[in-house]
Amino acid sequence: DAGITQSPRHKVTETGTPVTLRCHQTENHRYMYWYRQDPGHGLRLIHYSYGVKDTDKGEVSDGYSVSRSKTEDFLLTLESATSSQTSVYFCATTGGRNEKLFFGSGTQLSVL
Amino acid sequence: RKEVEQDPGPFNVPEGATVAFNCTYSNSASQSFFWYRQDCRKEPKLLMSVYSSGNEDGRFTAQLNRASQYISLLIRDSKLSDSATYLCVVNINTGGFKTIFGAGTRLFVKA
C-alpha cells in the first residue's frame, strides 16, 4: 500500500474551534487532495495541491483552508468548525494526471 | 449540475447476474477516467482505468464515449464479494488538474 497517513483518525470538537487535519505521504507525489464524504453526496473535493505552495479550491472550499509547505505534507484547516463540517475526510495523492489516486484511511470528524 | 453524475442505485442482484453502471460527465476538459470501488467505511480503491477503445479486466468491462461524455462499467457473473459502492471518477485539466468523483452507485449481490 502507498504511504499515505492521515492524522488524527478520529476527532470530536466543539463548534467554533479551529481544527487541523494532517496528510503525510512518503510517495513523493506531486498532487494531493482533500475530500469530504457525506451520505448522498459521495466524495466532494475541498481543496487540492499541484505542488509545494500551489493550491486551488475545489467545489466545497468555504470554511476550509489548506497549506502545503513541503511535498510530503498537506494540511486542512477548519478555521471555525461548524456542525455542517461533521464528515469523513479523505486525503489522496497521485503522481500524475493519468495515474490512480492513493487514499489515506480517512478522518472521522464530529463537530458538536 | 454536478460535474460527474451516476445512477443513484442501489442495485440488488443475485449471484451470477450481469449488472451495468452508467456515468456522465459535463466538463469537456475531462482527460482521464476511472472506476473506483469503495467498501463500507473504507477508502476508495482503483478498480480500473477507462480507455476510449474500451477495456476489460476479468469479469469487468469499462467503456468510454467521449462524444456523449458517457462512461460505463459492466460486471459479469456477479459475486457476493462484488457488493460495494462503485465510483465514477474523472480527471479534469484546469491548469491545476483536479479529480472529481461521482456520488457512487451501491451494489448488493445476494446469494
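Residues numbered from 1 in each chain as written. Chains lettered and ligands numbered in written order. Predicted model: local features only at pLDDT ≥ 70, side-chain atom pairs only at ≥ 80, totals over all residues. Heavy atoms only, no water.

Q: What am I meant to see in the overall build of chain A here?
A: Check the secondary structure of chain A and you find zero helices and eleven strands. The linear arrangement of helices and strands in chain A, starting from the amino end, is β-β-β-β-β-β-β-β-β-β-β. Taken over C-alpha atoms, the radius of gyration comes to 13 Å for chain A, in line with the 13 Å a tight globule of 112 residues would show. Each principal axis of the C-alpha atoms in chain A carries an extent, and together these give about 35 × 25 × 25 Å. The buried share among the 112 residues of chain A stands at 47%. Mean positive and mean negative side-chain charge positions of chain A (12 and 12 charges, respectively) differ by 2 Å. (Helix = DSSP H or I, 4+ residues; strand = E, 2+ residues; numbered from the N terminus. Rg over C-alpha atoms; globule rule 2.2 N^0.38 Å. Buried < 20%, exposed > 50% of the residue type's maximum accessible area, 1.4 Å probe, protein only. Lys, Arg positive; Asp, Glu negative; His and termini not counted. Charge placed at Lys NZ, Arg CZ, Asp CG, Glu CD.)

Q: Could you clarify how one ought to interpret the nonpolar core in this entry?
A: In summary, soluble globular proteins display a tendency toward joint burial of nonpolar side chains. Of all hydrophobic cores here, the largest spans 41 residues; its most connected members are Y33(A), Y35(A), W35(B), I71(B) and F101(B). Sorting elements by how many residues they give to this core places strand β9 (residues 84–92) of chain B first, with seven residues. Dropping the residues within four chain positions of it, Y33(A) is found in contact with L45(A), H47(A), Y48(A), F74(A), F90(A), C91(A), A92(A), T94(A), L101(A), F97(B), K98(B) and T99(B). (Core = buried A, V, L, I, M, F, W, Y, C linked by side-chain atoms within 4.5 Å. Contact = heavy atoms within 4.5 Å.)

Q: Help me understand the interface of chain B and chain A, please; the structure alone is not making it clear to me.
A: How big an interface is tends to be stated in terms of accessible area lost as the parts join. Contact with chain B, which involves 22 residues of that partner, is made by 22 residues of chain A. Together chain B and chain A conceal approximately 1,800 Å² of surface at their shared face, both sides included; 54% is due to carbon and sulfur atoms. It is E43(B), F97(B) and F101(B) that lose the most area in chain B upon contact with chain A, and together they represent 29% of the buried surface on that side. Counting across the interface, chain B meets chain A through zero salt bridges. If you look at where chain B meets chain A, you find three residue pairs in polar contact (both at pLDDT 80 or more). Across the side of chain B that touches chain A, the residue classes tally to nine nonpolar, nine polar and four charged. (Buried area = accessible area lost by both parts, 1.4 Å probe. Salt bridge = Lys/Arg side-chain N within 4 Å of Asp/Glu carboxyl O. Polar contact = N/O pair within 3.5 Å; in protein donor to acceptor, adjacent residues only side chain to side chain. Nonpolar A, V, L, I, M, F, W, Y, C, P; charged D, E, K, R; others polar.)

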